[in-house]
Amino acid sequence: MAASILLAPSSGRSRFKTVLWISLGLTVLFVFITSEVFLVTDYPMYHAYRLQVIADRRLLIPHTSCGVIALLAGPMQFSSRLRQRHLKFHRILGCIYVVSVFVGAFTGIALAAGRPGLPGTSMQAAAWIVCTTAAFITARNRQIVQHRQWMARSYAVTFTFASSRVLNLWPRYWSHLGDTFAAVGVIAFTLASLLLVDLGLNWRELTSRGA
């Protein structure tokens, strides 16, 4: 994923990927259990949000479906073994990922239209589209290192759909601070995710001295 990681020994890179994907998977599972499940049970704190979800279902279903597809496609796209053995599948899945991002981004903006969360959602969607488009263009131009770097940034934005929901565990997030804080939270998580990826991409340069 990162330039410094690409240059690391194979065993170290493999361990890093394993730890990373396990951590991300546990985060998704934790958020799903502690947040999304309560929508089904009509948990009192989420009642208003549940009604909003039901009202927005025509846009929310494609938005959520495409977000989940992009979220699940990421680990397979970053698998060096799968890419080397099944390059055609890697390319097809990459196209599915790109389409999912665009559909997810534009339906997200449509969902937020006319609401206080529109600035945060628009910024997140713009970052998602820009990073994914850059990843697609560099892949078409066979700039493989740059392609992997832009895909890392794109997936970082994809993962904010899970990471930003960690705030759901804080009761004040829902009961007092409302949509404005939610919009700020989305922007903060998106920027923080991109910053962390770029730190990883440039870690070797940041931690070593030039000749």
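In this text the structure is predicted, and so the values were computed from the model without any measurement. (Residues numbered from 1 in each chain as written. Predicted model: local features only at pLDDT ≥ 70, side-chain atom pairs only at ≥ 80, totals over all residues. Heavy atoms only, no water.)

*Asks:* How should the overall build of the protein be read in this particular structure?
*Replies:* Looking only at helices and strands, one finds 11 helices and zero strands in the protein. Beginning at the N terminus, the succession of helices and strands in the protein can be written as α-α-α-α-α-α-α-α-α-α-α. Expressed as a percentage of its 211 residues, the buried residues of the protein come to 37%. (Helix = DSSP H or I, 4+ residues; strand = E, 2+ residues; numbered from the N terminus. Buried < 20%, exposed > 50% of the residue type's maximum accessible area, 1.4 Å probe, protein only.)

*Asks:* Teacher, can you tell me more about the environment of Val130 here?
*Replies:* Inspection of the secondary structure assignment puts Val130 in helix 7 (residues 118-140). Residues Val130 and Ser154, 24 residues apart in the sequence, show an inter-C-alpha distance of 8.2 Å.

*Asks:* So what exactly am I meant to see when it comes to the pattern of salt bridges here?
*Replies:* Side-chain pairs of opposite charge can arise whenever the charged atoms involved come near each other. Taken as a whole and assessed by the stated rule, the structure comprises one salt bridge. The partner of Asp198 in a salt bridge is Arg153, with the nearest N and O atoms 3.0 Å apart. With Asp198 in helix 10 (residues 178-201) and Arg153 in helix 8 (residues 144-163), the pair connects residues that are 45 residues apart, well separated along the chain. (Salt bridge = Lys/Arg side-chain N within 4 Å of Asp/Glu carboxyl O.)

*Asks:* Even after reading the chapter, I still don't get the packing of aromatic side chains, so can you show me in this structure?
*Replies:* To describe a pair of aromatic rings, one takes the distance between the centres and the angle between the planes. Throughout the structure, instances matching the rule amount to four aromatic pairs. Measuring from centroid to centroid gives 4.8 Å for Trp128 and Phe161, while their planes differ by 55 degrees, and the two rings are tilted. Of this pair, Trp128 sits in helix 7 while Phe161 sits in helix 8, and the two are 33 residues apart along the sequence. An identical accessibility class is assigned to Trp128 and Phe161; each is buried. Where Tyr155 meets Phe159, the ring centres are 6.5 Å apart and the plane angle is 40 degrees; that geometry is what we call tilted. Of this pair, Tyr155 and Phe159 both sit in helix 8, four residues apart, roughly one helical turn. (Phe/Tyr/Trp six-rings, centres within 6.5 Å; stacked < 30°, edge-to-face > 60°.)

*Asks:* Help me understand a nonpolar patch on the surface, please; the structure alone is not making it clear to me.
*Replies:* Residues Leu195, Leu196, Leu199, Trp203 and Leu206 make up a contiguous nonpolar surface patch of about 560 Å² in total accessible area. Only helix 10 and helix 11 (203-207) provide two or more residues apiece to the nonpolar patch. Within the secondary structure layout, Trp203 lies in helix 11. (Patch = residues over 30% accessible without salt bridge, like charges linked within 9 Å, V, L, I, M, F, W, Y side chains within 5 Å. Areas by Shrake-Rupley, 256 points an atom, 1.4 Å probe, with all protein chains shown as cover.)

*Asks:* Sorry, what's going on with the environment of Ile137 here?
*Replies:* Tracing the chain through its elements places Ile137 in helix 7. The class of Ile137 is partly exposed, set by a relative accessible area of 43%.

*Asks:* Just to check I follow, could you spell out the packing of helix 4 (residues 57-77) against helix 6 (residues 87-112) for this structure?
*Replies:* The relative placement of two packed helices comes down to the angle between their axes together with the axis-to-axis distance. Interhelical geometry of helix 4 versus helix 6 gives an angle of 145 degrees and a closest axis separation of 8 Å. Considering the relative orientation of helix 4 and helix 6, their crossing is left-handed. (Axes fitted to C-alpha atoms, helices over the stretch in contact; angles between N-to-C directions. Left-handed = near helix turned anticlockwise from the far one by under 90°.)

*Asks:* So what exactly am I meant to see when it comes to the confidence of the model for the protein here?
*Replies:* Per-residue pLDDT for the protein has a mean of 78; in total, 73% of the residues score no lower than 70. Taking the mean pLDDT of every element in the protein, the minimum, 42, falls on helix 1 (residues 3-6) and the maximum, 93, on helix 7. Counting contacts from residues 172-176, a segment whose pLDDT is below 50, to residues more than four positions away or on other chains yields 10 contacts. (pLDDT = per-residue confidence, 0-100. Contact = heavy atoms within 4.5 Å.)

*Asks:* Before we go on, may I ask you to explain the packing of helix 7 against helix 8 in this structure?
*Replies:* Remark: helix 7 packs on helix 8, axes separated minimally by 8 Å, with the N-to-C direction vectors making an angle of 155 degrees. On the basis of the axis angle, helix 7 is roughly antiparallel to helix 8. Crossing handedness for the pair helix 7 and helix 8: left-handed. Here Gln124, Ala127, Trp128, Cys131, Thr132, Ala134, Ala135, Thr138 and Ala139 of helix 7 come into contact with helix 8, specifically with Gln146, His147, Trp150, Met151, Arg153, Ser154, Val157, Thr158, Thr160 and Phe161. Broken down by class, the residue content of the contact of helix 7 with helix 8 amounts to 10 nonpolar, eight polar and one charged. (Parallel < 35°, antiparallel > 145°, perpendicular 65-115°, else oblique. Nonpolar A, V, L, I, M, F, W, Y, C, P; charged D, E, K, R; others polar.)

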